Amino acid sequence: MGRGYAQLSLEDRCTVSRLQGEGCSVRQIAAALDRAPSTISRELRRNDSHLGYRPGYAEEQRRARRWSGSRLERQPQLRHTVIDGLARGWSPEQIAGRLAKQTGRPVISHESIYRFIYAQIARTKDYTWRLYLPRAKSKRGYRGRRGGSPASFIEGRVPIAERPAEVADRSHPGHWEADLMLFAKYGQAVLAVHERQSRIILATRPANKTADLIGDQLLAIFAELPPGLRQTVTFDNGTEFARHRRLHQLAIATFFCDRYAPWQKGGIENAIGRLRRFIPRKTDLATLPHDRFIALLRAYNNIPRKCLDFKTPIEAFSDHLLHFKCESTSPLSRIGAKICDSCADSHVVALARGDVV
């Protein structure tokens, strides 16, 4: 009956190195470790360096021989699926989670996808690989940001500390955050509103950033929603939101972050960061057709999210609309892209359809 074979451990290799240094023969070393002489002979032959046999070097060589490459290197079909998801704007975690949800078992971890991308950058020195990642960073880590705005110019400003507790825990729909997404060309911006529970984004492209126009645009966006889906809106202290009280006519309560603390409306900050993958800062909005603008928002709203159990924002938001369908006559309840006929081409309110583009 044959005996089981076990690889030499690092401790065994240290013993081999010590006994060899003491002048012991291969058979003597093998007897000390209760191993076959051929095992010791092969170990010394395969892992000999120009400095002689060293246990650390031998252990590295063993690992190198066992490495067969990343799963994404060995499985072309899986690699194609992952890269296709990355190209559509999905993060590694979203891809891993969606694959697990579809197959009923873990397929690949998000960490393996990150390591694959960074390995390609290190191996090829081709930094375009970083564009597959959500933040397009060639190195891992955080980027510090600072911000703030003069709150003293905003009349009727209610601090975020007075906001209902149910808003913070995302337990109820209808609570929103709003912000401007700015671009390299002066004066260009996208006004985005983000629903905290479903994570959906609605957006419009105002002609300028004046408080009057921004107030009108916010009023137009929320007027299309059922009353149950327009409870509160949270802003930062940008003076473009100085006309926030216009939303009070829709019974929407408005709140503002503390000074120099835009992170308190982290949902919209994170959403805009994700949306940058579809509409980068260098984009010239004047040359971006509104059909393309709608398609980009549709793509964003159809990305599965871990916080939604890998449902898409449009799927989660459609559940809210169905819940409020009895009190809503809005065209948004059809879950389609809506273009305001009364607005100019740059004033588009878009809600993505359920299909993925």
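Remember, predicted model here, so these are calculated numbers, not experimental data. (Residues numbered from 1 in each chain as written. Predicted model: local features only at pLDDT ≥ 70, side-chain atom pairs only at ≥ 80, totals over all residues. Heavy atoms only, no water.)

Caption draft 1: Looking closely at the packing of helix α1 (residues 10-21) against helix α2 (residues 26-33). Here α1 crosses α2 at 140°, and the two axes come no closer than 10 Å. Considering how the two elements wind past one another, α1 and α2 form a crossing that is right-handed. Here Asp 12, Thr 15, Val 16, Leu 19 and Gln 20 of α1 come into contact with α2, specifically with Ile 29, Ala 32 and Leu 33. Residues of the contact of α1 with α2, tallied by class, amount to 5 nonpolar, 2 polar and 1 charged. (Axes fitted to C-alpha atoms, helices over the stretch in contact; angles between N-to-C directions. Helix = DSSP H or I, 4+ residues; strand = E, 2+ residues; numbered from the N terminus. Left-handed = near helix turned anticlockwise from the far one by under 90°. Contact = heavy atoms within 4.5 Å. Nonpolar A, V, L, I, M, F, W, Y, C, P; charged D, E, K, R; others polar.)

Caption draft 2: Fine view of the packing of aromatic side chains. One pass over the full model with this rule turns up 7 aromatic pairs. For the ring pair Trp 129 and Tyr 132, a centre distance of 5.6 Å and an interplane angle of 50° mean the geometry is tilted. A relative accessible area of 18% means that Trp 129 is categorised as buried. Ring centres of Phe 235 and Phe 256 lie 5.4 Å apart, and the angle between their planes is 35°; this geometry places the pair in the tilted category. Of this pair, Phe 235 sits in strand β6 (residues 232-235) while Phe 256 sits in strand β7 (residues 253-256), and the two are 21 residues apart along the sequence. (Phe/Tyr/Trp six-rings, centres within 6.5 Å; stacked < 30°, edge-to-face > 60°. Buried < 20%, exposed > 50% of the residue type's maximum accessible area, 1.4 Å probe, protein only.)

Caption draft 3: Main features of the side chain of Arg 13. With respect to the helices and strands, Arg 13 occurs in helix α1. Not counting chain neighbours up to four residues away, the residues in contact with Arg 13 comprise Leu 8, Glu 43, Tyr 53, Pro 55, Ala 58, Glu 59 and Arg 62.

Caption draft 4: Fine view of the pattern of salt bridges. One pass over the full model with this rule turns up 18 salt bridges. For Arg 13, the salt bridge is made with Glu 59, and the minimal N-O distance between the two is 2.9 Å. On the criterion of sequence distance, the pair formed by Arg 13 in helix α1 and Glu 59 in helix α4 (residues 55-66) is long-range, its members being 46 residues apart. Each of the two residues, Arg 13 as well as Glu 59, counts as buried. Note that Lys 101 and Asp 309 form a salt bridge whose closest N and O atoms lie 3.4 Å from each other. One end of the pair, Lys 101, is in helix α7 (residues 92-103); the other, Asp 309, is in the loop between α12 (290-301) and α13 (313-323), with 208 residues separating them in the sequence. Within the structure, one salt-bridge network assembled from shared partners comprises Asp 179, Asp 236, Lys 265 and Glu 269. (Salt bridge = Lys/Arg side-chain N within 4 Å of Asp/Glu carboxyl O.)

Caption draft 5: Representation of the sheet that holds β6. As summarised here, the arrangement of the 5 strands in space is β5-β4-β3-β6-β7, forming an open sheet in which the pairing is mixed. One side of each edge strand has no neighbouring strand; the edge strands of this open sheet are β5 (201-204) and β7. Pairs of neighbouring strands in the sheet enclose a mean axial angle of 25°, with direction left out of account. Pairing of strand β4 (residues 189-195) with β5 involves 4 bridges; the strand directions are antiparallel. Among the inter-strand pairings, Leu 191 is bridged to a residue of β5, identified as Thr 204. Contacts from helix α10 (residues 211-223) reach β3 (175-182), β4, β5 and β6, with the element oriented near 40° to β4. With respect to the sheet, helix α11 (residues 266-275) is in contact with β3, β4 and β5, its orientation differing from that of β3 by roughly 45°. (Pairing = 2+ DSSP bridges.)

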